[in-house]
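Examining the three-dimensional arrangement
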Amino acid sequence: MNRRHLYIALAGFCFVTLLALAWSAPDLPSTIDRSQRSLKPWEYWPLGTDMNGRPLIEYASQGARVIAIPSFLAGILVAFFGMMGGLLRCVEWPTIQTMVQFIGEIVGALPRMVVILVVALLLPTEWRSLMPLAVVWAILCAPGAIDEAGAVAARLGGTRFVEALKAHGFGAWRIYMHHIVVLNLRPVLVRQGAEAMMTVAFLEVALSYLAVVEDQSSFTHSDNLRSWADLLKEGYLWLALGIDSGHVLFVGLGLLGLVVLTATALGKAAEAR
Amino acid sequence: MKYWWIQPSARALVAVALPLLVPALITALIWSLPGNPAEIICPPSICTGGEELAARWHLDQGPWAFYGHWMSSALQLDFGDSWRVLTGRPVIELMAQTIPNTLILIGFALIPITVGSVLGAFQQPSKRWDSVLVFLSVLPVVVLALLAAAIVELNFAGSGDDGLGYWVRMMAAALTLGIADGALSGSILGNRSMFEQENQQRYVGISILRGESNFSNTLPNLAGALVGQYRSRIVQLLSGAVIVEVIVRVDGFGALLWRGTLMQDFGVVLAAATVFACLSSGLLFFQALVEVLQNLHQRRAPKLTLESTEVVR
Amino acid sequence: MKKSWMLGGLLLTSAVLGTAVEVQFYDESLPITLNPLFATTMVDNRAHELYFDRLYYNNPTDNSLTSRLIDESQTKIEDAGKSLRLTIKDGINWHNGKKFTANDICFTIDAMLNVRTPSPIAHYYREHLASCTVEKSNVAKVTFKRVYHNPRERLKFFVLPKSEFSSTAVQPDTEFANQPVGTGPMKGRMGTLAARFEAHTKTSHHSPKIGAMKMSQAQDPAVQISTLRNGAMHGIVSVPPIYRPELQTESEVQLRSYDLRSWWFIALNTTSGPLASKEVRQALNYSLDRSELREKSIGFDKNDKESPCEFISGPFVQSSAYYNHEVPPVEFTDKRKAEALLNAAGLEKNGLWFHEGKPVALRIGMDAKLGKEATDLLTQIANQLSEAGFTTRISKISSDDWNRKAITGQLTKEYDMLIGKWSFGINEDVNDLFQTRSETKFQGRHNIFNYSNPEVDSTLVEYEKARTTDGAKNAYHKLHSQLADDLPYLFLWKLDTKSAWRAEVKDITISPYYYFTDINRWYVSKSK
């Protein structure tokens, strides 16, 4: 088993853990029980309880349910856009390339959080979930992925590379999908996709935290679900006031770390040899 | 490349279009929502006079009329009044109050990024520090902002609006912004790899053999890319500023945008989004200009001395 | 010698009174507007009480109707009770230094009567006021639409300055909304982070001892409590019940009651599916365990003899004269009764309750700001109803949507149950909550789910027509019984509101509802 396999295994394990947490999430948080408040993980398996006596595993699983699929989809979308950008450099379509570049400049110039907030503001309440925001985020990240993949394709030689492989007798599918995408664009696409996945998770935590602070409905999930931001909010009280909720903060950071580990491991696994 | 001017032209065109496009898009989206903002203040079932209010806010003649009126006023720096955040206060006043705080925040946040960029250009720190830099790069802004907010609240709660409390709040927020979400590590690693690759080019080796410094040769060639990176970092900082200002309680433009979003104050959101778009436009235009100058510099014929022309003869 | 004694006395007084201290306090949020015609929240009302004077107000000490602006010895009822001639006291000035005159009273009334003023508050006064005439610079004659046995009760509005407006069509988005001019004890303006107040001393009718105040938006309650304890802030207007025990042990902080006469409810959508049936509503009433909700969300302590939270069975607080003590509240769940009622209503249970072949799914919303006072109440109620066999879907409703849509009856298609709170001052008129909504007759303005019951309507008309206190009481006692049976609301509890103020802030009298009515008496002492 070489390093690549280890990274793949690590990424797979982390992501499966996230999915398992998401799948096991209850529809509603459990009833408050203050007799069990602020118990540490070794006092209340597996992650302890919050200030209201609610098990932290519920926050972990519900937060994973909010984040898992939208962030994964955002990663796939970014990778897809990047792939299209790279492939575009390998075909002789200057008009399309110019149009894509123009649109990419516009999209890339927009401050992302501003766009996300405007979209969040305008979403009807019944549509509020992380998915539309994740899709918008992926579109906003796409120009970067397109540029980077395009640069890699350009370094390969672009259309000349394709012509050379055609001369060797390879078919179009093999040339574009295997030689260009899998063998050459893969590191860029996977890294960009993994980064997008990670930043969508961070975005969800940020937006939910801002809503929690204002005691408002979150933009990213329905109110029967809890976000990892609730863990950070409680953990903040330990930082600021020394209230007994330090373990809550570490659980929240640990869960974010799971996402980071998934993204980093994926990126490392896909690195060029 | 024969058509080198296409990319900077595209950027310049986008820079001009962006401040027009963003408010147009938001206007279109506002009109797609049911009801109108005037109903927040004057729900039709319990209040009369809502029609007049809608007329005052130019909401009664359709999206084009609203957009046209808003744009023509905005060009005269009249962004209308806040509808909900501070009802009746001109948005330009709110901006005048908040933008300086955000500029100070971004300015200070650019210090670690600039230092990181310079270090990266000089191939510092060495690669054994990469794991630390990667760790820094994955710290989410909300986590660092919480830490900053905790420090400020512990020491300056209730008195953080002026004096020492204000500056501590700004420094903490700026440090958060400058480090989190890969800002610092991205500037170091990005510049380091960019200069590393460029230093491996043949012309750099030749210039070193000629006794020139590699910077005087690589910098002009990388100017466009450097400005592009800086621009994207500033745009990233502008995005992150929204989160940091709310959590650390800085009275900045990002916090104003957040409040406007929560309270459905379209007057504020429209103005704030347009200002962000203008800032982005300005940076894009600057990048286009630098690229043009870079390309012109690269394509200028070198000056020949009298001795070299005699040698050629 | 005499001069030095006077100077010494002044210095000592200012040292004791500490008038240079800016009193800083937290309120739930910043005011939305400082124009009283457009107030939507309790925060607005509290801030307006500092900047403005109401023409008439209830004295917090003895509840008597009184006025700082009108010389009552010269007030006359005319036109067989349909008019009131008001004479202004001398020496009253606006914050901008201009004299307060009868023109200002008539301007305020004209603004409220002008249909182009988009104010829900003005809409209410149009029902009662007919006109206002300036007879002299200090005499105004107010005419009502009908005879009232106590017409001054209809004049409890904040007075606006004519000099600050160009027409009687007052709009909400003028500069006045954040830089008001009033006759109140404080002047100032609102910023993005705080509302600031400075003492208005250049007038005969106010003499505030506190020189300056600053209202900041509430943060996390734990942070608020911490800043209050370490002296960075002087007060918190509303302390969540869970945090009160720890403040009670503080020697430097005092908890004080703020009488809001507020009661909590779950409004039921009587037009929606199974909830149209009274038996189903009654079953829901028995499905809730209010005792558990109170314990878990409010932090009720069984050993606490002075509980801040008291169950109710109707639309009044238990201490109200209108409360019908013969109708007992339902404290605990009664599953057998609930099931019997649901079966009688034609529902079937198969794990979940089914109505016409479909599982009963309840869409529950809650006013988001209630979350600070009652932790996780929405989730607790959803859990209890889930255990009772209903599917639930919950959401928090922002203050804007609550004021704009919920209380105006526009959420009937989106929700089945709405959790909220009503607060009352001296006037506990609940007609607007239960009367059949009619925009032409200006009825049922706050009827959340457009509830309509002819028997209830006729009881409410009885109350309106009552000319004696007993008549009003009897009508409302009857209403209480009717509502407890028909259940357009599930009545939950009355929850006391408590404020916390540092001990150095002295002579605090917190008036019901408006809070700062007696701010002139407050002062800050250097000694605790």
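Residues numbered from 1 in each chain as written. Chains lettered and ligands numbered in written order. Predicted model: local features only at pLDDT ≥ 70, side-chain atom pairs only at ≥ 80, totals over all residues. Heavy atoms only, no water.

**What to know about the overall build of chain A**
Along its length, chain A carries 9 helices and 0 strands. The N-to-C order of helical and strand elements in chain A reads α-α-α-α-α-α-α-α-α. Summarising its shape, the C-alpha atoms of chain A cover approximately 75 × 50 × 30 Å along the three principal directions. Of all 273 residues assigned to chain A, the portion counted as buried reaches 54%. Pairs at least 24 apart in sequence give 72% of the contacts found in chain A among residues at least 6 apart. Accessible surface for chain A amounts to roughly 11,700 Å². Of this, 66% is attributable to carbon and sulfur atoms. Looking at chain A, you have 20 positive and 20 negative side-chain charges, and the mean spots of the two groups are 11 Å apart. (Helix = DSSP H or I, 4+ residues; strand = E, 2+ residues; numbered from the N terminus. Buried < 20%, exposed > 50% of the residue type's maximum accessible area, 1.4 Å probe, protein only. Contact = heavy atoms within 4.5 Å. Areas by Shrake-Rupley, 256 points an atom, 1.4 Å probe, with all protein chains shown as cover. Lys, Arg positive; Asp, Glu negative; His and termini not counted. Charge placed at Lys NZ, Arg CZ, Asp CG, Glu CD.)

**A few points about the pattern of salt bridges**
For the coordinates displayed, the defined rule picks out 44 salt bridges over all chains. In this structure, R261 of chain C engages D259 of chain C in a salt bridge whose closest nitrogen and oxygen atoms are separated by 3.5 Å. (Salt bridge = Lys/Arg side-chain N within 4 Å of Asp/Glu carboxyl O.)

**Digging into the packing of aromatic side chains**
Residues and elements named next belong to chain C. Summed over all chains, the structure comprises 42 aromatic pairs over all chains. Taking 5.8 Å as the distance between ring centres and 45° as the angle between the ring planes, the aromatic pair formed by F25 and W501 counts as tilted. Of this pair, F25 sits in strand β1 (residues 22–27) while W501 sits in strand β22 (residues 497–502), and the two are 476 residues apart along the sequence. Here the aromatic rings of Y322 and Y463 are separated by 6.1 Å at their centres, their planes lie at 85°, and the arrangement is edge-to-face. Of this pair, Y322 sits in the loop between β14 (309–311) and α9 (335–344) while Y463 is found in helix α13 (residues 454–465), placing the two residues 141 residues apart along the sequence. (Phe/Tyr/Trp six-rings, centres within 6.5 Å; stacked < 30°, edge-to-face > 60°.)

**Some remarks on the side chain of T497 of chain C**
Residues and elements named next belong to chain C. The residue T497 is located in strand β22 in this model. With relative accessibility at 5%, the residue T497 sits in the buried group. Those residues within four positions of T497 in sequence are excluded, and the remaining contacts are V237, S238, R244, R256, S257, Y258, L260 and S262.

**Re the sheet that holds strand β21 (residues 489–495) of chain C**
All names here are of chain C. Taken in spatial order, the 6 strands make up an open sheet running β14-β21-β13-β20-β18-β19, and their pairing is mixed. The two strands at the open ends of the sheet, each matched to only one other strand, are β14 and β19 (391–397). Neighbour-to-neighbour, the strand axes of the sheet open up by a mean angle of 25°, direction not taken into account. Seen against the sheet, helix α11 (residues 399–406) touches β13 (263–268), β18 (361–367), β19 and β20 (417–422) and runs at an angle of roughly 100° to β20. (Pairing = 2+ DSSP bridges. Axes fitted to C-alpha atoms, helices over the stretch in contact; angles between N-to-C directions.)

**Some details on the interface of chain A and chain C**
Counting residues at the interface gives 20 residues for chain A and 27 residues for chain C. Carbon and sulfur atoms supply 48% of the area buried between chain A and chain C, which totals about 1,900 Å² over both sides. Taken together, the connections running from chain A to chain C amount to 3 salt bridges. Between D376 of chain C and R226 of chain A there is a salt bridge, with the nearest N and O atoms lying 2.7 Å from each other. (Buried area = accessible area lost by both parts, 1.4 Å probe.)

**Brief notes about the environment of M95 of chain B**
Residues and elements named next belong to chain B. Relative to the helices and strands, M95 is located in helix α5 (residues 91–121). By relative accessible area, which is 6% here, M95 ends up buried. Between the C-alpha atom of M95 and that of A223, which follows or precedes it by 128 residues, the distance is 33 Å. Aside from chain neighbours lying at most four places away, what touches M95 is F79, P100, F253, A271 and V275.

**Let's talk about unusual backbone geometry**
Cis geometry is adopted by the peptide bond preceding P46 of chain A, which originates at W45 of chain A and carries an omega value of 0°. At the junction of Q124 of chain B and P125 of chain B, the peptide bond is cis and its omega measures out at -15° in the coordinates. Locating P125 of chain B in the fold gives a position in the loop between α5 and α6 (130–137). At R249 of chain B, a position not held by glycine, the phi torsion is positive, near 60°. For R249 of chain B, the position within the fold is in the loop between α11 (214–248) and α12 (253–262).

**Here's the deal with the confidence of the model for chain C**
Any region with low pLDDT has predicted coordinates that should not be read closely. Residue and element names in this part refer to chain C. Across chain C, the average pLDDT comes to 89, with 95% of residues at 70 or higher. Contacts of residues 1–18 to residues separated by more than four positions or lying in other chains number 10 contacts, the stretch itself having pLDDT below 50. ipTM for the predicted complex: 0.84, alongside a pTM of 0.86. (pLDDT = per-residue confidence, 0-100.)

**Topic: the nonpolar core**
The biggest cluster of nonpolar side chains holds 228 residues, and the ones touching the most others in it are W228 of chain A together with L55, L155, M213 and W522 of chain C. Looking at this core element by element, the count peaks at 13 residues for helix α7 (residues 172–213) of chain A. L28 of chain A together with W264, A283 and L495 of chain C belong to the second-largest nonpolar core, a separate cluster that totals 39 residues. (Core = buried A, V, L, I, M, F, W, Y, C linked by side-chain atoms within 4.5 Å.)

**Structural notes on the pairing of β19 of chain C**
Residues and elements named next belong to chain C. Relative to β19, β18 is paired through 7 bridges, and the arrangement is parallel. For A361, the partnering residue across the bridge sits in β19 and is T391. Tracing the backbone out of β18, into helix α10 (residues 377–387) and back to the parallel element β19 gives a crossover that is right-handed. (Right-handed = clockwise from strand over helix to strand, strands pointing away.)

**What about the sheet that holds strand β16 (residues 352–355) of chain C?**
By way of backbone hydrogen bonds, the strands of a sheet pair with one another, either parallel or antiparallel. All names here are of chain C. On the basis of which strands lie adjacent, the open sheet formed by 3 strands has the order β15-β16-β17 and antiparallel pairing. In the strand order of this sheet, the two ends are held by β15 (348–350) and β17 (358–359), each with one partner. Pairing analysis gives 2 bridges linking β16 to β17, with the strands arranged antiparallel. Note that in β17 the partner of F354 across the bridge is P359.

**A few points about the packing of helix α4 (residues 112–122) of chain A against helix α13 (residues 266–299) of chain B**
Contact geometry for α4 of chain A and α13 of chain B: axes closest at 10 Å, N-to-C directions at 155°. In terms of orientation, α4 of chain A lies roughly antiparallel with respect to α13 of chain B. As α4 of chain A runs across α13 of chain B, the sense of the crossing is left-handed. Side by side, α4 of chain A and α13 of chain B meet where V114, V118, L121 and L122 of chain A of the first sit next to F266, V269, A273 and F276 of chain B of the second. Residues that form the contact of α4 of chain A with α13 of chain B fall into these classes: 8 nonpolar, no polar and no charged. (Parallel < 35°, antiparallel > 145°, perpendicular 65-115°, else oblique. Left-handed = near helix turned anticlockwise from the far one by under 90°. Nonpolar A, V, L, I, M, F, W, Y, C, P; charged D, E, K, R; others polar.)

**With respect to the confidence of the model for chain A**
Put simply, chain A has an average pLDDT of 89, and 99% of its residues get 70 or more. For chain A, α4 of chain A is the element with the lowest average pLDDT, namely 83, and helix α2 (residues 56–88) of chain A is the one with the highest, namely 94.

**Section: the interface of chain B and chain C**
Counting residues at the interface gives 34 residues for chain B, matched by 40 residues for chain C. At the boundary of chain B with chain C, the tally comes to 0 salt bridges. Taken together, chain B and chain C are joined by 6 residue pairs in polar contact (both at pLDDT 80 or more). Contributing elements (two or more residues each) for the side of chain B that touches chain C: α2 (38–41), α3 (50–56) and α5 of chain B. Of all the elements, α3 of chain B adds the most residues to the side of chain B that touches chain C, at 4 residues. Broken down by class, the residue content of the side of chain B that touches chain C amounts to 13 nonpolar, 9 polar and 12 charged. (Polar contact = N/O pair within 3.5 Å; in protein donor to acceptor, adjacent residues only side chain to side chain.)

**Observations concerning the packing of helix α8 (residues 228–241) of chain A against helix α7 (residues 141–156) of chain B**
Packing of α8 of chain A against α7 of chain B leaves a shortest axis separation of 9 Å and a crossing angle of 35°. Note on packing geometry: the crossing formed by α8 of chain A with α7 of chain B is right-handed. For the pair formed by α8 of chain A and α7 of chain B, the contact residues are L232, Y236, L239 and A240 of chain A on the first element and V142, V143, L146, L147, A149, A150, E153 and L154 of chain B on the second. Its residues assigned to classes, the contact of α8 of chain A with α7 of chain B comprises 11 nonpolar, no polar and 1 charged.

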